[in-house]
Amino acid sequence: MSKPRINAIYVTFLVVSLLCGVAGALQAPTLSLFLTNEVKVRPMWVGFFYTVNAIAGIAISFLLANRSDNKGDRRKLLMFCCLMAIGNSLVFAFSRDYLVLITVGVLLAAIGNAAMPQLFALAREHADRSSSEVVMFSSMMRAMLSLAWVLGPPLSFMLALNYGFTPMYLSAAAVFVGSILMIAFFLPSVPRLEQPVDEKVVPVSAWRNKDVRLLFFASLLMWTCNIMYIIDMPLYITSELGLPEGLAGLLMGTAAGLEIPAMLVAGYLVKHFGKRKLMLYAVASGVIFYAGLVAFPFKAALMILQLFNAIFIGIVAGIGMLYFQDLMPGRAGSATTLFTNSISTGVICAGLLQGVIVENFGHYPVYWAATVLAVLALGLMFKVKDV
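As the structure is a computational prediction, the values presented were derived from the model and not from experiment. (Residues numbered from 1 in each chain as written. Predicted model: local features only at pLDDT ≥ 70, side-chain atom pairs only at ≥ 80, totals over all residues. Heavy atoms only, no water.)

### Quick notes on the overall build of the chain
Of regular secondary structure, the chain possesses 15 helices and zero strands. Per-residue burial for the chain yields a buried fraction of 58% across its 387 residues. Summarising the internal contacts of the chain: among those between residues at least 6 apart in sequence, 85% fall at separations of at least 24. Carbon and sulfur atoms make up 71% of the accessible area of the chain, which totals about 15600 Å². (Helix = DSSP H or I, 4+ residues; strand = E, 2+ residues; numbered from the N terminus. Buried < 20%, exposed > 50% of the residue type's maximum accessible area, 1.4 Å probe, protein only. Contact = heavy atoms within 4.5 Å. Areas by Shrake-Rupley, 256 points an atom, 1.4 Å probe, with all protein chains shown as cover.)

Here you go:
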């Protein structure tokens, strides 16, 4: 009788990953357009918004990660984060005041964004307790996120461009409601294990690990490239290349669709090649992608280059998180949060860089900067040990 129950739990993890991913993918792709066209702020303030949002996310997620690793029910915390995400969606649905969005909206978003690392940490703990294949299960969950980004961006642009931003944000809120119901009724509570080491010492000693630091900064640079692209691309293809707005959603959806096989193949190959080698292949693909954006800024090339974008993000998003967890054994929440905070820190850097570059030099140099950062990330990854 236990086998069907375990399978049902795994399916629920996958479904919740998909739902939370769809809700996020409905909001994120059009945020720069929302701030530019609806709130009517300059590019500098668009980048500043991303930066403030990321700083708040880092602070909140660290606080929640430390608490969740040591006490309390991670499942209840996960539901609370989703509830705050609903509040964030409602604020964006009905407010066009920049000050409200960057204060109340950002605070709610920071708490809501912590749902994903908590979901993955809960899944890792459950997989460890049930002696399941952690790498493949995590890769399948990441694949669900990629599937969400196949569906979300085209739907996001369709709703925003045809019906307005309010229905789009209300749709995201409705999906989060579904996520809470699934979590409440079907996901398990995993009891905290007592740690033999003082809880205040573990995060510090982990950060003092040279490989953790190198991986963090490499991941930071990778995500800075990716977020600069996500922020700038919808504006770049319309204002500079003169292409239709809907193409942005198609490009994001294409990349996300290709990420699914990339993640699943990486989850299979990691046993044979190791995490480090796969990460090196991923970052090399990222270098090709951003260099290609510099060299071939036209529609057909943008579509073809999404293959390299998918390999880059698909492997980094799946294997990168597990890399942190293996370098920080016994601290699944903190390790997952450190990975997601490398993304958030990348958002800070990306928001500042994209805003300053566009304000002073235009959109095209953004992709030169992304290429240079990807090369630097590749150099750092060569120095991280394999695990």
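### Concerning a nonpolar patch on the surface
A cluster of nonpolar residues, V177, L181, F185 and F186, forms a patch on the protein surface that exposes about 430 Å² of accessible area. One can find V177 in helix α8 (residues 165-186). (Patch = residues over 30% accessible without salt bridge, like charges linked within 9 Å, V, L, I, M, F, W, Y side chains within 5 Å. Salt bridge = Lys/Arg side-chain N within 4 Å of Asp/Glu carboxyl O.)

### Some details on the packing of aromatic side chains
With the rule as written, the count across this model stands at 16 aromatic pairs. With centroids separated by 6.2 Å and ring planes inclined at 80°, the aromatic side chains of W223 and F339 adopt a geometry described as edge-to-face. Of the two residues, W223 sits in helix α10 (residues 210-239) while F339 sits in helix α14 (residues 332-361), which places them 116 residues apart along the sequence. Neither W223 nor F339 differs from the other in exposure class; each is buried. Relative to F289, the ring of Y229 lies with its centre 5.2 Å away and its plane at 80°, an arrangement referred to as edge-to-face. Separated by 60 residues along the polypeptide, Y229 in helix α10 and F289 in helix α12 (residues 275-295) bring together distant segments of the chain. Note on F289: relative accessible area 0%, which makes it buried. Members of the aromatic cluster, each reached through a chain of ring pairs, are F34, W45, F48, F49, F92, Y98, F165 and Y169. (Phe/Tyr/Trp six-rings, centres within 6.5 Å; stacked < 30°, edge-to-face > 60°.)

### Considering the packing of α10 against α12
Running from N to C, α10 and α12 cross one another at 30°; their axes reach a closest spacing of 12 Å. Regarding the angle of α10 to α12, the classification is roughly parallel. Crossing of α10 against α12: the hand is left-handed. Mapping the contact onto sequence places L215, M222, C225, N226 and Y229 in α10 and M279, V283, F289, Y290 and L293 in α12. When its residues are assigned to classes, the contact of α10 with α12 shows nine nonpolar, one polar and no charged. (Axes fitted to C-alpha atoms, helices over the stretch in contact; angles between N-to-C directions. Parallel < 35°, antiparallel > 145°, perpendicular 65-115°, else oblique. Left-handed = near helix turned anticlockwise from the far one by under 90°. Nonpolar A, V, L, I, M, F, W, Y, C, P; charged D, E, K, R; others polar.)

### Re unusual backbone geometry
A positive phi angle, near 60°, is found at K40, a position not held by glycine. Mapping K40 onto the fold places it in the loop between α2 (31-38) and α3 (43-70). On the accessibility criterion, K40 (64% relative accessible area) is exposed.

### So, α2
Within α2 the residues assigned to the buried category are L31, S32, L33, F34 and L35. Trailing α2 by a residue or two, K40 shows a phi angle of about 60°, which is positive.

### Concerning the state of the cysteines
According to the stated counting rule, one finds zero disulfides in the structure shown. C20 takes part in no disulfide bond, and the closest cysteine sulfur to it belongs to C82, at a distance of 4.2 Å. Note on C20: relative accessible area 7%, which makes it buried. (Disulfide = S-S within 2.5 Å.)

### Remarks on the pattern of salt bridges
Pairing between side chains becomes possible if they bear opposite charge and their charged atoms approach one another. Under the definition given, this model contains two salt bridges. Note that E38 and R96 form a salt bridge whose closest N and O atoms lie 2.9 Å from each other. Of this pair, E38 sits in helix α2 while R96 sits in the loop between α4 (74-94) and α5 (98-113); the two residues are 58 residues apart in sequence, bridging distant segments of the chain. Judged by relative accessible area, which is 34%, E38 ranks as partly exposed. You can call R96 partly exposed: its relative accessible area is 29%.

### Some remarks on the environment of L322
The topology assignment puts L322 in helix α13 (residues 299-327). Among the residues examined, L322 registers a relative accessible area of 1% and is labelled buried. Taking C-alpha positions, L322 is 8.5 Å from A335, a pair spaced 13 residues apart along the chain.

### Section: the environment of A248
Position of A248 relative to the elements: it lies in helix α11 (residues 246-273). On the basis of relative accessibility, which here comes to 0%, the residue A248 falls in the buried class. When the C-alpha positions of A248 and L235 are compared, they lie 8.8 Å apart, and in sequence the two are 13 residues distant. With sequence-adjacent residues up to four places away left out, A248 is seen in contact with F157, M233, P234 and I237.

### A few points about α10
When the terminal C-alpha atoms of α10 are compared, their 43 Å separation across 30 residues agrees well with the 44 Å that a helix rising 1.5 Å per residue should span. The sharpest bend along α10 measures roughly 45° and falls at D232, with the proline P234 sitting one to four residues further on. α10 sits mainly inside the fold: 25 of its 30 residues count as buried. (Expected span 1.5 Å × (residues − 1). Bend = angle between axes of the 7 residues up to and from the residue.)

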